[in-house]
Structure formats: C-alpha cells, structure tokens
Amino acid sequence: MNLSYRIYYVFLRNLVSYKRFVIPTFLVSLIEPLFYLITFGIGMGAYMGYFGGKPYLYFLVPGVLVSSVMMSSTFECLYGTFVKMVHEKLYDSLIATPVSAEDAVAGDIAWAVFRGLVSGILMMIVAVLMGIIPVSILSFLLLLVLMIFVGLLFASLAMIVTSVSPSFDFFNYYTELIITPMLFFSGVFFPLDRFPAWMKTLAEFLPLTHAVKISRAVFSGAYHSGLLWDFLVIFVLEVIAFYISLKMMKKRLIK
Amino acid sequence: MSILVSAKDLSKKYGSLTAVDRISFEIQEGECFGFLGPNGAGKTSTIRMIHCVSPVTSGELAVNGLPARIDNRRLKMMTGVIPQEITLDNDLTVYENLIVFAHFFDIPKHEAKERIAELLKFVELEGKRNNKISELSTGMKRRLLVARALLNRPKLIVADEPTTGLDPQARHLIWQRLRQLKKEGATLILTTQYMEEAQQLCDRIVVMHQGKILKEGVPSRLVEEEIGREVVEVRVPKEEDEWLVAQLSSFSCGHERVGDTLYFYCREGQGLMRKLIELNLHNYLTRPATLEDVFLKLTGRSLIE
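Every chain is numbered independently, its residues counted from 1 as its sequence is written. Here every chain gets a letter starting at A, and every ligand a number starting at 1, in the order they are written. Only residues with pLDDT of 70 or above have their local features reported here, since the model is predicted, and side-chain atom pairs are shown and tallied only from 80 upward, although totals for entire chains, interfaces and linings are computed over all residues.

Caption draft 1: Layout of the nonpolar core. By our criterion, buried Ala, Val, Leu, Ile, Met, Phe, Trp, Tyr and Cys residues that link up through C-beta atoms within 7 Å make up a nonpolar core. Exposed residues have 12 or fewer other C-beta atoms within 10 Å of their own C-beta, buried residues have 20 or more, and residues in between are partly exposed; the C-beta atoms are placed from the backbone. Ranked by internal contacts, the top residues of the largest apolar core, which has 157 residues, are A:Ile109 and A:Val150. Where each domain begins and ends follows an automated or database-derived domain assignment. Looking at which domains feed residues into this core, each of domain 1 (3-217) and domain 2 (228-288) of chain B gives three or more. Residue pairs qualify as contacts under a 7 Å threshold applied to their C-beta atoms, which are placed from the backbone. With near-sequence residues (within four places) excluded, A:Val150 lies in contact with A:Val66, A:Val69, A:Met70, A:Gly116, A:Ala211 and A:Ile234.

So, in structure tokens, the structure goes:
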C-alpha cells in the first residue's frame, strides 16, 4: 500500500472536471430516485396505507436515500473510472507523477463517495420538500455519515469489478446480476418480514439490507443495539473491499 | 560529467514474453540518449522502467543514484515524461490540464501559474489557454504534452516517440524545444522510429532489436562505421546480382539484396556510379548513408510485426 495525501489531488482533478457536468449529473442523480418516490411512494403508497403508524413514504425515503448513494458511487467507479483508465489513459499519466497507483485509485473512490453523497443529499432535499423529514438534526447528520460509509463500500466493490473488466459490456453482469437484485431484495420498497425465510436469509448477505436498516432507524430516531451489527457488516466489508480494489487496480495499472 | 542512469543486465518480462533481455547501458548527465528500434524492440519497456512506472524484472537500474522502482516518488518528482500516446485530460481545458498536473508535483499555486504562462509561451500555445483538448490539433496536443512534462522543471526528460503522427512543421518545433531544453542542462532520453529524429537530437544512441542492444554509438560515427558514406541502390533482377557484384568488386563496397533492390554501401559512390552508367544500368539511386541504413542493416529489412 503506497497511499499519500495526493489522493486529495486526484479528487481535486475530478472536481475541476465535474464543473462541466454538474447539471446533467444533478439531473440524473435526481430523476432516478425521484421516479421511485413517485411511482412507489405516491402511486403504490396509496394502496399501502400506514407502516408503523406513518405513511408509506416514511418507510420508502430512508431506503431510497441509501440506494441512490449506492447507485451513484457504483456507476462512478464503473463507467467513470473505466473511461479514465482505458479510453483517456488518464491513469497512465497520473502514475508517471509522484501520484502512486494507489493514490489515483483511492482518489477516484473518494470522488465516487462524494458523488454518492451529492445524490443522497439531493434526494434528502426532495424528501424534505415532500414533507418527509428526519426526526432530528442529529438524525440528519448521522444519515450523512451513513451515506459516506455506504458510498465507500459500493465504490470499492465497483472498483474491483472495473479492475477485471475488459469492456463496458462486462459491467452489465454486475449491475444486472448484483446491483439491481440488491435494490429489490434489501427491503428498500417492502418490509422483509413478508418474504419467505430463505429470502430473508439471502437479504442478510446483501450489504444494502444493512444500510437500509440503519438508515430507516436513524431517520425515525428508533435506535437499537442491533444496528451495531449492521454497521459492523458494512464497515468490515468496505475495509476489505477497499483494500482488494487498490491491490487489483494496481495490478491492472502497473505492468 | 556524471552518470545519471545506469542499467546492468536489465530485463523485463511480461509473463513468458521477454521484452527487454539483459541490457546494460549508461546515460550521462546532460546528454541526449536515444533508443532506436522497430516496434516491439523493447524501447518503451526500457524507458518505462527508467521513469519508474514499470517494475524491473531482473538486473539493476539506478537513476540519479537511486534504485528505479515504481514507488520511488523522489525520482518521479525530478522526471518529466512525454508519453507516446496522447494522455491529456479531455474533460479539462489546456490551462486546467496543466494546473491539475502541477498539483501532482506539489507545486504551489502562484508558482504553478507563472510556470504555466512560461510553458504555454514556450510551446506556442498561449492563445489556446482556455480551449478544450478536443479543439486542439494533434500537433498542439503533442506540444501541450511537452509543456505538461516540464511543469516540475525536470532534471530528466523521457520522451517516448514524441513526434509520432506530426506534420514537419510541428515536428521541427518539438525538436527545437527539446534541443533548447538540453542546452539548458536537462538530460534527454528519447525513443524513436524516425532516424532523422535520432540524428537531429541524440548525442548517443543504441539500436535495440528483440529486447537486446545491437549497437551503441554516436549517430554519425555509427553510420560511417556500419555503412560508409554513400548508398547506391540498384534496381536489377535478382539473377543479375552475381554478375553485377563481380563487375563492381573493385570498388570494395558492401552489398545487400532486399526485394527488388541491390544495395551497395560505399565510402565513396562516384566511381561505382560511373561504372553503372558504363554498364548501361540507369535504374539506380545514389544518396548519403543515413542512420536508417544502419537501422535496417542491423534489424533486417523485412517487416517486423
């Protein structure tokens, strides 16, 4: 591992280039989750009645918050990084400077975390405008922290996929076979307790499930000790994924 | 002068492929040193090891007295790299490309700004400061790569085929700039397939082929030693070779048959030419021997793929 403060320079490079894409990326970050909120939240919510004494949207919003973070950070480290690495050869010029391969990759992961955070915050703003508000300022701040952890996890996982990807098409396996099912089996849209036992067991293996649980509890202020386990799962997974992603990307970048 | 780069039995393997095969060389401080060779000769692999982006498989490689390893940030700090491929940041403007790169070298902002102004002038791109990369011609992109490589005032400049795909004007501009940098004291390491480029820029060259160094020397002297001063190309059918070589044996020129042409390498081509006219052979061409002849003689005239 050869990490240094230069991660920040790589992050800064992405920020400079981002200026030109702010509006389109804001739109994309907003539209997809907004679509979930409207179709599921308002459309289906009308039939769903109340969940634990609150409208369905209170159930849905915390889940959509973390899944939008997952989506943004995943796509940034898949497509964003792949373009920079293969098409623009940006990494090649980076590693010829005092920026190491690890710095470059970690800088891109940090950037993806930031992109995830931006998506999550945009989502939060929409939710607040719809009247779905976290229970306290503390809840709000904790949700931001959670978004960073979720972003880091999914950015690192996506980076591992990118490190072995021969082309864009390869990403479809990951997004269609892992990310999309994760979205539907992690209790974002429906409570897991209605699922059969095997599905509940499966859900426990999906990191998003744990993120959704924490998000939902924090959103409504219903903290309980079981959340520590959920957090531990996310934390341990992301430390491992981060480490592996750096190793594997380095292997791809340095020949 | 001291030695800036020294390699001993340096090898590079990619899996079972040996790209560089136990080569040894020394590069003096302040000189321009060229690696010549056809595609796949191992030039790029060699210089990638020198500027610390590719790990050494075996052997020794030291730059400025330090081992050249991929994580050697001190060496990267003093090296400027002009890559073979255009690796500019397409999302950024010309200026942004440079300022972002200056960060990577820890250059303070005010200093970076001054340096960028100087460098844009140096490569004649002042007017393109706020243009996007996609709006630049290939020549401009290459010049920007030169400017980018100079941000950290490198002691060692590594240029991997810096003029590939350029028109003559752009090529000459880059040559002039590289010569100027050398005059200012930088050490230059160059790879090229253009013999003229090597002759224009290099104090010393090595000719590489299949991972090995075939020859090392001063370009002009290499030409004289290996070829002579003049080359006479005669287009005659192969069957006449024996007869013609016998006719011309008194001139003691070396000869080589490649495809439709019989080459004579001479110290002096005048006499041989007169004889050719006497023999009523008019399909010939005489020209000064160049590094290209050395290159082709050493690496073979057939296609290398």
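Caption draft 2: Broad picture of the environment of B:Lys297. Residues and elements named next belong to chain B. Only DSSP runs of H or I covering at least 4 residues are called helices, and only runs of E covering at least 2 are called strands; the numbering of each starts at the N terminus. By the secondary structure assignment, Lys297 is in helix H11 (residues 291-299). Residue classification places Lys297 among the partly exposed residues on the basis of 19 C-beta atoms within 10 Å. Aside from chain neighbours lying at most four places away, what touches Lys297 is Glu226 and Ile227.

Caption draft 3: Spotlight on the interface of chain A and chain B. Residue-level contacts link 21 residues of chain A with 24 residues of chain B. The set of elements that each furnish at least two residues to the side of chain A that touches chain B consists of helix H1 (7-18) and helix H4 (90-94) of chain A. Note on residue classes: Ala, Val, Leu, Ile, Met, Phe, Trp, Tyr, Cys and Pro are nonpolar, Asp, Glu, Lys and Arg are charged, and everything else, Gly too, is polar. Among the residues forming the side of chain A that touches chain B, the class breakdown is nine nonpolar, five polar and seven charged.

Caption draft 4: View of the pairing of strand E2 (residues 17-28) of chain B. Residue and element names in this part refer to chain B. When DSSP finds at least two bridges between two strands, those strands are taken to pair. Sheet topology places strand E1 (residues 3-14) next to E2; eight bridges connect them, and they run antiparallel. Paired with Lys12 across the bridge in E2 is Val20. With antiparallel pairing between neighbouring strands as the criterion, E1 and E2 make up a hairpin whose turn holds two residues, including Gly15 at a positive phi of roughly 60 degrees.

Caption draft 5: Local environment of the sheet that holds strand E11 (residues 230-234) of chain B. Residues and elements named next belong to chain B. Strand order in the open sheet formed by four strands is E12-E13-E11-E14, with antiparallel pairing between adjacent strands. Either end of the sheet is taken by a strand with one partner, and the two such strands are strand E12 (254-258) and strand E14 (284-288). Each strand axis lies, on average, 20 degrees off the axis of its neighbour in the sheet, ignoring direction. Interaxial angle, 0 to 180 degrees, is taken between N-to-C directions of lines fitted to C-alpha atoms, where a helix line uses only the stretch in contact. Strand contacts of helix H10 (residues 270-278): E11, strand E13 (261-266) and E14, with the helix running at about 20 degrees to E11, the strand carrying the most contacts.

Caption draft 6: Local environment of H1(A). Given the number of residues in a helix, its expected span is that number minus one, multiplied by 1.5 Å. Taking 1.5 Å per residue as the helical rise, H1(A) with its twelve residues ought to reach 16 Å, and the 17 Å between its terminal C-alpha atoms agrees with that figure. If you check which residues of H1(A) are buried, you get A:Ile7, A:Tyr9, A:Val10, A:Arg13, A:Asn14 and A:Ser17. Packing partners of the buried residues in H1(A) comprise H4 and helix H5 (101-129) of chain A together with helix H3 (94-104) of chain B.

Caption draft 7: Expanded view of helix H5 (residues 138-149) of chain B. All names here are of chain B. Helix length check: H5, at twelve residues, gives a terminal C-alpha distance of 17 Å against a target of 16 Å (1.5 Å per residue), a fit within 8%. Residues of H5 that are buried include every one of Arg142, Arg143, Leu144, Leu145, Val146, Ala147, Arg148 and Ala149, and no others. Buried residues in H5 make contact with strand E6 (79-82), H3, helix H4 (109-122), strand E7 (156-160) and helix H6 (168-183).

Caption draft 8: View of the sheet that holds strand E9 (residues 204-209) of chain B. Residues and elements named next belong to chain B. If you trace the six strands from one edge of the open sheet to the other, you get E6-E7-E8-E3-E9-E10, paired in mixed fashion. Of all strands in the sheet, those bounded by a partner on one side alone are E6 and strand E10 (212-217). On average, adjacent strands in this sheet sit at an angle of 15 degrees to one another, irrespective of strand direction. Note: E6 against E7, four bridges, orientation parallel. In the strand pairing of E7, Ile82 is matched with Ala159.

Caption draft 9: Focus on the domain arrangement of chain B. What the domain assignment lists for chain B is domain 1 (3-217) and domain 2 (228-288). Put simply, the middle of domain 1 of chain B and the middle of domain 2 of chain B, counted by C-alpha atoms, are 40 Å apart.

Caption draft 10: Seen up close, unusual backbone geometry. The phi angle at B:Cys52 is positive, at roughly 65 degrees, despite the residue not being glycine. Position of B:Cys52 among the secondary structure elements: in the loop between helix H1 (43-50) and strand E4 (58-63).

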